[in-house]
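Read off the chains here:
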Amino acid sequence: MEPALKKVATTGDEGGLASAATRRAAVPVAAVRPPRRAATVASRIYRDLRSEIVSLKRKPGDPIAEKQIAETYGVSRTPVREAVLKLADEGLIEIFPQSGTFVSRIPLDVLPEAFAIRKALEEATVRYAAARATRSQIAALRANLELQREMQETANYEGFHQADEAFHALIADIAGYPGFWTLIQQTKVQIDRYRLLTLPVLGRVAEVIAEHSAIVDAVAANDPAAAIRALDNHLDDLQISVADIRRDFPRYFTAPGDAA
């Protein structure tokens, strides 16, 4: 009996050891959770800061106080620093070791290329949209125009900007290539900052709505060539006003050779 009992006991110990080993193997899995949480916090801080910079809630030249941001989110400075470095890579933040960290000024030298990339991609989306738009999709575009007019009536420039973004995203959806809009958003971040400076200019929002209306009319007529012409007129008009806006907000822009 004793040998049998001993064998059973040994088997039980092996099971216990296996169970313990399993529990120990699970420890590293739990240990990686804090870094994932930290990454999530850093991503949220990045998104919030990016939105504030692009929307001009944080203006070009404004200081970035990492300690204050960390206190606001109740975190260490590590995720804040991670977000700041990512925004610096995108050209939205400038880091000067001896001076501090600041919202970057809008670099004039990158705007022409950004305009060209956006124009090429949106010409493709509007051409496809004009070729295949349904009545319900055209109705959605016209509904968006009404939303733009509502934002105009209340001088809600941020709301108008969001409606404008939705308008162009909708065209990409109608075209059947929503990924184009994702690419456009990645290249036009500096354009957006400049563009928001143009909206309070007297008559500018009304011009944009008229240009959007022309695009919708061409799409509704299933006329790709007319849709492209209307889009080009819309985007070219935005580019022409750069010099005027720079004159009104000289400290918000930088050109090659300018002092930082």
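I will try to describe carefully the structure that is included in this document. Computed from a predicted structure; not experimentally measured.

As a further point, take the overall build of the protein. Looking only at helices and strands, the protein features 12 helices and four strands. Looking at the protein as a whole, 38% of its 260 residues are labelled buried. Taking as baseline every contact in the protein between residues at least 6 positions apart, the subset at least 24 positions apart corresponds to 76%. Entry remark: accessible area of the protein is about 14,300 Å², with carbon and sulfur atoms responsible for 57%.

Note on placement: Ala65 falls in the loop between helix H2 (33-54) and helix H3 (66-73). Since its relative accessible area comes to 33%, Ala65 is described here as partly exposed. Taking the C-alpha atoms as reference points, Ala65 and Thr101, separated by 36 residues in sequence, lie 7.4 Å from one another.

All right, on to the packing of aromatic side chains then. A full pass over the atoms with the stated rule returns five aromatic pairs. On the numbers, 5.0 Å between centres and 50 degrees between planes, the contact of Tyr128 with Tyr177 is tilted. Placement of the pair is Tyr128 in helix H5 (residues 111-132) and Tyr177 in the loop between helix H7 (157-175) and helix H8 (178-187), with a sequence separation of 49 residues. With a relative accessible area of 35%, Tyr177 lands in the partly exposed category. With centroids separated by 5.4 Å and ring planes inclined at 15 degrees, the aromatic side chains of Phe249 and Tyr252 adopt a geometry described as stacked. On the accessibility criterion, Phe249 (29% relative accessible area) is partly exposed. The class for Tyr252 is buried, based on a relative accessible area of 18%. The rings of Tyr128, Tyr177 and Phe180 are connected pair by pair, giving a single aromatic cluster. It is Lys86 that lies over the ring of Tyr46; its NZ or CZ is 4.2 Å from the centre. Arg127 extends its terminal NZ or CZ atom over the ring of Tyr128, reaching a point 5.3 Å from the ring centre.

Turning our attention to the nonpolar core. With 22 residues, the main nonpolar core has Leu111, Phe115, Phe160, Tyr194, Leu197 and Phe253 as its most contacted residues. Going through the elements one at a time, H5, helix H9 (189-198), helix H10 (204-220) and helix H12 (242-248) are the ones with two or more residues in this core. With four residues, the single largest contributor to this core is H9.

A word on the environment of Met151. Note that Met151 resides in helix H6 (residues 135-153). Sequence spacing of Met151 and Val205 is 54 residues, and the spatial spacing of their C-alpha atoms is 9.3 Å. When near neighbours in sequence (up to four residues on either side) are disregarded, Met151 contacts Asn156, Gly159 and Phe160.

Taken as a whole, this structure holds 16 salt bridges when the rule is applied. Put simply, Arg204 and Glu207 hold a salt bridge, and the shortest N to O gap is 3.2 Å. Placement of the pair is Arg204 and Glu207 together in helix H10, with a separation of three residues, close to one helical turn. A salt bridge links Asp237 to Arg204; its shortest N-O distance comes to 2.6 Å. Placement of the pair is Asp237 in helix H11 (residues 224-240) and Arg204 in helix H10, with a sequence separation of 33 residues. Salt bridges sharing partners connect three or more residues here, namely Arg204, Glu207, Glu211 and Asp237.

What follows covers the side chain of Ser55. Position of Ser55 relative to the elements: it lies in the loop between H2 and H3. With relative accessibility at 16%, the residue Ser55 sits in the buried group. One polar contact links the side chain of Ser55 to the main-chain carbonyl oxygen of Glu52, over a distance of 3.3 Å. The residues touching Ser55, leaving out its near neighbours within four places in the chain, are Glu158 and Leu196.

Take the side chain of Thr198 next. Relative to the helices and strands, Thr198 is located in helix H9. Take Thr198: its relative accessible area is 3%, and that puts it in the buried class. Engagement of the side chain of Thr198 in a polar contact is seen with the backbone oxygen of Arg195, the distance being 2.6 Å. Contacts of Thr198, omitting those with residues within four sequence positions, involve Arg204, Leu238, Ser241 and Ile245.

Cut-off values and rules
- Residues numbered from 1 in each chain as written.
- Predicted model: local features only at pLDDT ≥ 70, side-chain atom pairs only at ≥ 80, totals over all residues.
- Heavy atoms only, no water.
- Helix = DSSP H or I, 4+ residues; strand = E, 2+ residues; numbered from the N terminus.
- Buried < 20%, exposed > 50% of the residue type's maximum accessible area, 1.4 Å probe, protein only.
- Contact = heavy atoms within 4.5 Å.
- Areas by Shrake-Rupley, 256 points an atom, 1.4 Å probe, with all protein chains shown as cover.
- Phe/Tyr/Trp six-rings, centres within 6.5 Å; stacked < 30°, edge-to-face > 60°.
- Lys NZ or Arg CZ within 6 Å of the ring centre and 35° of its normal.
- Core = buried A, V, L, I, M, F, W, Y, C linked by side-chain atoms within 4.5 Å.
- Salt bridge = Lys/Arg side-chain N within 4 Å of Asp/Glu carboxyl O.
- Polar contact = N/O pair within 3.5 Å; in protein donor to acceptor, adjacent residues only side chain to side chain.

By themselves, these observations are geometric and do not establish any function.
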